[in-house]
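So the chains spell out like this:
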Amino acid sequence: MKNYLVVILICVTAGYAFSQQTYKESKFLTETYSYNQGDKIMISGERTFITIENSEDGQVEANVEVISRYNNQSQARADLEKMKVQFQKKGSVLYYSNALRIDDPKDKPKSNLKTILHLKVPTNANIEVANSYGGLSINGIMNYINVESRFCATDANGFSGTLVVKSKYGTIECANSKATIEVSGNRSDLALNNISGDIVADLKYGNIDISFIEDTQKIDISTEDTPVTLIVSEKLSKSLSLQCKECDIDTDNCTNSISQDKNGSVHKVTVNDKSFDSQIRKIYSKKGDIKIITAATITNSK
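Structure report, in brief. Just so you know, these numbers come straight off a predicted model, no measurement behind them. (Residues numbered from 1 in each chain as written. Predicted model: local features only at pLDDT ≥ 70, side-chain atom pairs only at ≥ 80, totals over all residues. Heavy atoms only, no water.)

### Considering the overall build of the protein
Then, number 1: Secondary structure assignment for the protein yields 4 helices and 22 strands.
Then, number 2: Within the protein, the fraction of its 302 residues that count as buried is 38%.
Then, number 3: Considering only residue pairs separated by 6 or more positions, the protein has 50% of its internal contacts joining residues 24 or more positions apart.
Then, number 4: Carbon and sulfur atoms form 47% of the exposed surface of the protein, whose accessible area is close to 16,200 Å². (Helix = DSSP H or I, 4+ residues; strand = E, 2+ residues; numbered from the N terminus. Buried < 20%, exposed > 50% of the residue type's maximum accessible area, 1.4 Å probe, protein only. Contact = heavy atoms within 4.5 Å. Areas by Shrake-Rupley, 256 points an atom, 1.4 Å probe, with all protein chains shown as cover.)

### Let's talk about the pairing of strand β6 (residues 93–100)
Then, number 1: Across the 8 residues of β6, 6 count as buried, placing the element largely inside the fold.
Then, number 2: By the bridge criterion, 5 bridges tie strand β2 (residues 40–46) to β6 in an arrangement that is parallel. Note on β6: the bridge partner recorded for I43 is Y96.
Then, number 3: Relative to β6, strand β5 (residues 83–90) runs antiparallel, the two being bridged by 8 bridges. (Pairing = 2+ DSSP bridges.)

### Thoughts on the nonpolar core
Then, number 1: Core analysis: the biggest nonpolar cluster contains 56 residues, and I41, I43, L119 and I127 have the highest contact counts within it.
Then, number 2: If we ignore the near neighbours within four places in the chain, the residues touching I43 are I50, I52, Y96, L117, L119, I127, E128, V129 and A130. (Core = buried A, V, L, I, M, F, W, Y, C linked by side-chain atoms within 4.5 Å.)

### Points about helix α2 (residues 73–80)
Then, number 1: Buried within α2 are the following residues: Q75, A76, D79 and L80. Along the long axis of α2, the arc covered by the buried residues comes to 140 degrees, so they all point the same way.
Then, number 2: Those residues of α2 that are buried are in contact with β1 (23–33), β4 (60–70), β5 and β7 (112–121).
Then, number 3: Its side-chain oxygen placed 3.1 Å from the backbone nitrogen of S74, N72 serves as the N-cap of α2. (Arc of directions from axis to C-beta. Polar contact = N/O pair within 3.5 Å; in protein donor to acceptor, adjacent residues only side chain to side chain.)

### Considerations on the packing of aromatic side chains
Then, number 1: Summed over the entire model, instances satisfying the criterion amount to 4 aromatic pairs.
Then, number 2: Centroid distance Y33 to F87: 5.4 Å. Interplanar angle 65 degrees. Geometry classified as edge-to-face. Here Y33, found in strand β1, pairs with F87, found in strand β5; they are 54 residues apart in sequence, far enough to count as distant.
Then, number 3: Looking at F87, the relative accessible area reads 7%, which means it is buried.
Then, number 4: Aromatic side chains F87 and Y96 sit 6.2 Å apart centroid to centroid with 55 degrees between the ring planes, which places their arrangement in the tilted category. Like F87, the residue Y96 is buried in the burial classification.
Then, number 5: Put simply, the rings of Y33, F87 and Y96 pair up and form one aromatic cluster.
Then, number 6: The positively charged end of K114 is found above the aromatic ring belonging to F49, 5.4 Å away from the centroid.
Then, number 7: Note that R187 overlies the ring of Y205, its terminal NZ or CZ placed 4.7 Å from the centroid. (Phe/Tyr/Trp six-rings, centres within 6.5 Å; stacked < 30°, edge-to-face > 60°. Lys NZ or Arg CZ within 6 Å of the ring centre and 35° of its normal.)

### Section: a negative patch on the surface
Then, number 1: On the surface, D155, E173, D189 and D209 cluster together to form a negatively charged patch.
Then, number 2: The class of D209 is partly exposed, set by a relative accessible area of 41%. (Patch = residues over 30% accessible without salt bridge, like charges linked within 9 Å, V, L, I, M, F, W, Y side chains within 5 Å. Salt bridge = Lys/Arg side-chain N within 4 Å of Asp/Glu carboxyl O. Lys, Arg positive; Asp, Glu negative; His and termini not counted. Charge placed at Lys NZ, Arg CZ, Asp CG, Glu CD.)

Shown next as structure tokens:
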């Protein structure tokens, strides 16, 4: 009897797995346009995963794949056509967009839909991105990128230029870049590593982790309910102006040179070497602790 039960269970499981087979349907678009000084690229995406890098010929090239996955092939095909993609140039502006187009709310897609956009641009490109429920990866030299995102991850590695990000429910990571970084975020996390350039950030309800920014000329960070951790050299740590309201400041460097001013719930700590202008390297936090770790401390602890 037990042997029969085993056989029956195997058959039922196999049948269930077969019925849950997922079908993938795709469609593709490739476009190439010239790019002139003063042109702009505008991207509007939904469920879009975007990669931007440099082109070799100075043109703009877009390769798009739209993917629909569902356990019914006919439904996957039908839902694929509900995602409309456009890429065109009007005057000095190149427009890319993808979005769901349905006539009746009852016709909402059942499939898992996503769009993959691989964009190659010249080094003097100016780009604006609006995206939701997707991601953005940037590598290379660009003049300017302005990003507005919801529920997205933004990742820049080996980037040179100006990156401005407004994020809600997302993450922003930038590493190994010579860039000016300007970030405003709500319930978003910011991580910067090995950055040279100005850093301006205004975040609420997130986390900030910054390390090895020795060539940074300007630091202007303002936060609320957002812990801040910095790993910097001893030299840079002495040029920081730190202010904390309803939170704590933890620094392991030169405690004798730290002056503290406690006025009610306001705790203000300034770490400053007179050879630096601390007003251009300042961090203000409300209800989020600030922690400064010097690289020398990390080395000595190993």
